[in-house]
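The chain contents come next:
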Amino acid sequence: MKLFYAAEFTGLHKNTTLISLGVIDENGRSFYAVCTDYDTTQVDSWLQSNVLDKLYEYDAPVVVGTRAEVKAALLEFLQDYESMHFVGDCISFGWVVFCDLFGGSMELPENISYMPMDICTMFYMKGLDPLSPREAFCGHTACTHLKHNALYDASIIRHSFFELLKHPSLY
């Protein structure tokens, strides 16, 4: 099963901490969590207005708790899947903070592949601009004000992935 994910975190640096996580499977089943123990000293004005102010704007059930509580809730959500492959967008930092919930990529549950797929690479391989706005690409421009809400972003990644499958490859 492919699961599409997005994570919001406190910055693009090695000491970043997870703020929120959104996951949606191929069929639309979703998980959304907000961490209460992220490093607040790393929050700047951009994070405040673009991430923190949008944490609860997306209309979906949300788990709110420490990273340990988020991990426990995520494991409960994931228990229904026999095998999982995660798909994200610009995953360099997001995948690291996801794996960090479990103690690193080598500590992921056995049914989760430690090798995620990045739709940025898919855009490139299809001859498309990897920097193109995802909402416009997949035709979901009505809610762009929710960008940087992790569950909303996971939803856009899911829609973009299926749209990308329709395009021929360059290579």
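Residues numbered from 1 in each chain as written. Predicted model: local features only at pLDDT ≥ 70, side-chain atom pairs only at ≥ 80, totals over all residues. Heavy atoms only, no water.

Honestly, the environment of phenylalanine 4 in this entry has me stumped. Any pointers?
In this structure, phenylalanine 4 sits in strand 1 (residues 2–9). For phenylalanine 4, a relative accessible area of 0% translates into the label buried. Spatially, the C-alpha atoms of phenylalanine 4 and methionine 117 are 9.3 Å apart, while their sequence positions differ by 113 residues. Excluding anything up to four places from it in sequence, phenylalanine 4 contacts Gly22, Val23, Ile24, Asp25, Glu26, Val87, Ala154, Ile157, Arg158, Phe161 and Phe162. (Helix = DSSP H or I, 4+ residues; strand = E, 2+ residues; numbered from the N terminus. Buried < 20%, exposed > 50% of the residue type's maximum accessible area, 1.4 Å probe, protein only. Contact = heavy atoms within 4.5 Å.)

Explain the layout of surface pockets to me, please; I cannot follow it from the model alone.
Taking a probe equal in size to a water molecule and rolling it over the atoms shows the remaining empty space. In this model, the largest pocket occupies a volume close to 730 Å³. Ranked by residues supplied to the lining of the largest pocket, first place goes to strand 1 with 5 residues. Class assignment for the residues of the lining of the largest pocket results in 15 nonpolar, 7 polar and 7 charged. (1 Å grid on protein atoms, 1.4 Å probe; cavity = no way out; pocket = protein on both sides within 12 Å on 5 of 7 lines; lining within 4 Å. Points joined across faces, edges and corners; volume = space filled by probe spheres on them. Nonpolar A, V, L, I, M, F, W, Y, C, P; charged D, E, K, R; others polar.)

Please explain the packing of aromatic side chains as it appears in this structure.
Here the distance between the centres and the angle between the planes together describe a pair of aromatic rings. Under the counting rule described, the total for this entry stands at 15 aromatic pairs. Among the aromatic residues, those joined into a ring-pair cluster are Tyr5, Phe86, Trp95, Phe98 and Phe102. Above the plane of the ring of phenylalanine 123 lies arginine 134, whose end atom (NZ or CZ) is 4.1 Å from the centre. (Phe/Tyr/Trp six-rings, centres within 6.5 Å; stacked < 30°, edge-to-face > 60°. Lys NZ or Arg CZ within 6 Å of the ring centre and 35° of its normal.)

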